[in-house]
Amino acid sequence: MPKFRVRVTQVYRVEKWITVDVEADNADDAIEIYASGDAPCSSRSGWEDRWELQNEVVDLA
């Protein structure tokens, strides 16, 4: 029986999020401080993510 090479291409949608505490006078200032990069860096271990397969295509390679 002959063999055929196939290529599988998967497209994902990925969401990543982290929750951090930012010292500020109010919520709007906290967002501004974090967005401007003035808040302490968050460790990579605190990130959560969700992967959702959007599409899969199988073709001859």
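Not measured: the values here are computed from a predicted model.

For helix α1 (residues 27–35), the capping residue at the N-terminal end is N26, with a side-chain oxygen 3.1 Å from the backbone nitrogen of D28. Positive phi appears at G37, one or two residues downstream of α1, with a value of about 85°.

One pass over the full model with this rule turns up one aromatic pair. Centroid distance Y12 to W51: 5.6 Å. Interplanar angle 75°. Geometry classified as edge-to-face. Taken together, the residues Y12 in strand β1 (residues 6–17) and W51 in strand β2 (residues 48–60) connect sequence positions 39 residues apart. Y12 gets classed as partly exposed once you look at its relative accessible area, which sits at 37%. The ring of W47 carries K16 above its face, with NZ or CZ at 5.4 Å from the centroid.

Thresholds applied
Residues numbered from 1 in each chain as written. Predicted model: local features only at pLDDT ≥ 70, side-chain atom pairs only at ≥ 80, totals over all residues. Heavy atoms only, no water. Polar contact = N/O pair within 3.5 Å; in protein donor to acceptor, adjacent residues only side chain to side chain. Helix = DSSP H or I, 4+ residues; strand = E, 2+ residues; numbered from the N terminus. Phe/Tyr/Trp six-rings, centres within 6.5 Å; stacked < 30°, edge-to-face > 60°. Buried < 20%, exposed > 50% of the residue type's maximum accessible area, 1.4 Å probe, protein only. Lys NZ or Arg CZ within 6 Å of the ring centre and 35° of its normal.

Taken by themselves, the reported measurements are silent on function.
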